[in-house]
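Spelled out, the chains give:
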Amino acid sequence: MSAPDISVVVCAYTEDRWEDILAAVASVRAQSRPALETLLVVDHNTALQDRLGKEYKETDDVRVLANAGPRGLSAGRNTGIAAARGEVIAFLDDDAVAERDWLLHFAGAYDDPRVMAVGGRTVPVWASGRRPVWFPEEFDWVVGCTYRGLPPGRVRVRNVLGGNASFRRAAFDAAGGFATGIGRDGDKRPLGCEETELCIRLSRARPDAVLLIDDRAVIHHRVPAPREHFGYFRTRAWAEGLSKALVARSVGTEKGLESERRYASRVLPAGVARGLRDAVLARPGGAGRAGAIVAGVLTAAGGYLVGSVRARRGAVTFSSAPIGGDRRD
């Protein structure tokens, strides 16, 4: 089977990340397995869209588009999907850079026609130059990165992580696009889980679908200084609880919290034990990591309870729809 053409979608929303956006696009254009195209989707920011349009006006492999839906990451991704020409559509965060063989590893997994999605490994790049000693690896999802507890190698998973992921176009034909009303809206609310909800919906629409993570498909994700502080950690954990409540509302608690139960019952207790052991051995940050795990769990649980109440009252809504298309064949 011939390797599929891959379109890469990068969603951007602020000129504050100008250098990051350029670096993300450059990393796609430097791939050992070239992308068919890079689609830069700008989220309701005319100044940024115009500036990027001028930056890439002389290039044939980069297109700059306006988010055609409501403000937010989900609608931006859906805009990219609709415009993409590739059989596979990959997503890269606008503040991340991909290693040279990123797309090569994605493409190889699609030799199996059952594979509908492939994700990769996301490594944090801390603004301070090193991980804060109190910050547990089990909570690296707080900063959009691969966390301790995910299995190594190329393995089957319930869902991929959206900032480093790819899907067959057929996946969107079967399940629709990313749900709007859930996920990020710039930096205003650090919600997430839109890719989890989509992947569960996809598995229901296509019970034979295989979803993988290949940890050789690596990107490096910048973690700005404000996100290295406990205040952001707590805010993001709360938002994760809210988001999980929306996912559970959409797909039910059995599937919506299946992976989370294993994570909470196995991964996190082991992390607390490691932190306490390090504290006893006088290693830096041990007690802080154990405490952060406990605080993160309690905060996420609180967010989930509040989100569940809001969802039952209909205070929060979201929707998914089929992906339209204006592909340029």
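Note that the structure is a prediction, hence the values are computed from the model and not measured.

1. A closer look at unusual backbone geometry
One non-glycine residue, H44, lies in positive phi territory at about 55°. With respect to the element layout, H44 can be found in the loop between β2 (37-42) and α2 (46-55). Even without glycine at this site, A282 takes up a positive phi of about 65°. Overall, A282 belongs to the exposed group, its relative accessible area being 67%.

2. What about the pairing of strand β9 (residues 210-223)?
A large share of β9 lies buried, amounting to 10 of its 14 residues. Looking at chain direction, strand β6 (residues 115-126) and β9 are connected through 10 bridges and run parallel. Its bridge partner lying in β9, P124 is registered against H221. Looking at chain direction, strand β7 (residues 154-156) and β9 are connected through three bridges and run antiparallel. Bridging across to β9, V155 finds its partner in I213.

3. Here's the deal with the side chain of E194
Within the secondary structure layout, E194 lies in helix α6 (residues 194-205). You can call E194 buried: its relative accessible area is 3%. At 3.1 Å, the side chain of E194 forms a polar contact with the side chain of R77.

4. Description of the environment of A239
Along the chain, A239 turns up in helix α7 (residues 230-251). Judged by relative accessible area, A239 falls into the buried class, the value being 4%. Sequence-wise, A239 and A300 are 61 residues apart; in three dimensions their C-alpha atoms are separated by 7.3 Å.

5. Points about the packing of helix α1 (residues 18-29) against α2
Running from N to C, α1 and α2 cross one another at 40°; their axes reach a closest spacing of 12 Å. Compared by their axis directions, α1 and α2 come out oblique. In this structure, α1 meets α2 at a crossing whose hand is right-handed. Every residue of α2 that contacts α1 at W18, I21 and L22 is listed here: L48, R51, L52 and E55. Of the residues belonging to the contact of α1 with α2, the class tally is five nonpolar, no polar and two charged.

6. A look at α1
In this model α1 runs 17 Å from its N-terminal to its C-terminal C-alpha over 12 residues, within 8% of the 16 Å that 1.5 Å per residue would give. Here α1 has its buried residues at W18, D20, I21, L22, A24, V25, S27 and V28.

7. Comments concerning the packing of helix α9 (residues 258-280) against helix α10 (residues 286-313)
At their nearest, the axes of α9 and α10 sit 6 Å apart, and the two run at 155° to each other. Between α9 and α10, the angle is such that the two are roughly antiparallel. By crossing handedness, the relation of α9 to α10 is classed as left-handed. Residues L268, G271, V272, G275, L276, D278 and A279 of α9 touch α10, and the partners they reach there are G286, A287, R289, A290, I293, V294 and V297. Across the contact of α9 with α10, the residue classes tally to nine nonpolar, three polar and two charged.

Parameters at a glance
Residues numbered from 1 in each chain as written. Predicted model: local features only at pLDDT ≥ 70, side-chain atom pairs only at ≥ 80, totals over all residues. Heavy atoms only, no water. Helix = DSSP H or I, 4+ residues; strand = E, 2+ residues; numbered from the N terminus. Buried < 20%, exposed > 50% of the residue type's maximum accessible area, 1.4 Å probe, protein only. Pairing = 2+ DSSP bridges. Polar contact = N/O pair within 3.5 Å; in protein donor to acceptor, adjacent residues only side chain to side chain. Axes fitted to C-alpha atoms, helices over the stretch in contact; angles between N-to-C directions. Parallel < 35°, antiparallel > 145°, perpendicular 65-115°, else oblique. Left-handed = near helix turned anticlockwise from the far one by under 90°. Contact = heavy atoms within 4.5 Å. Nonpolar A, V, L, I, M, F, W, Y, C, P; charged D, E, K, R; others polar. Expected span 1.5 Å × (residues − 1).

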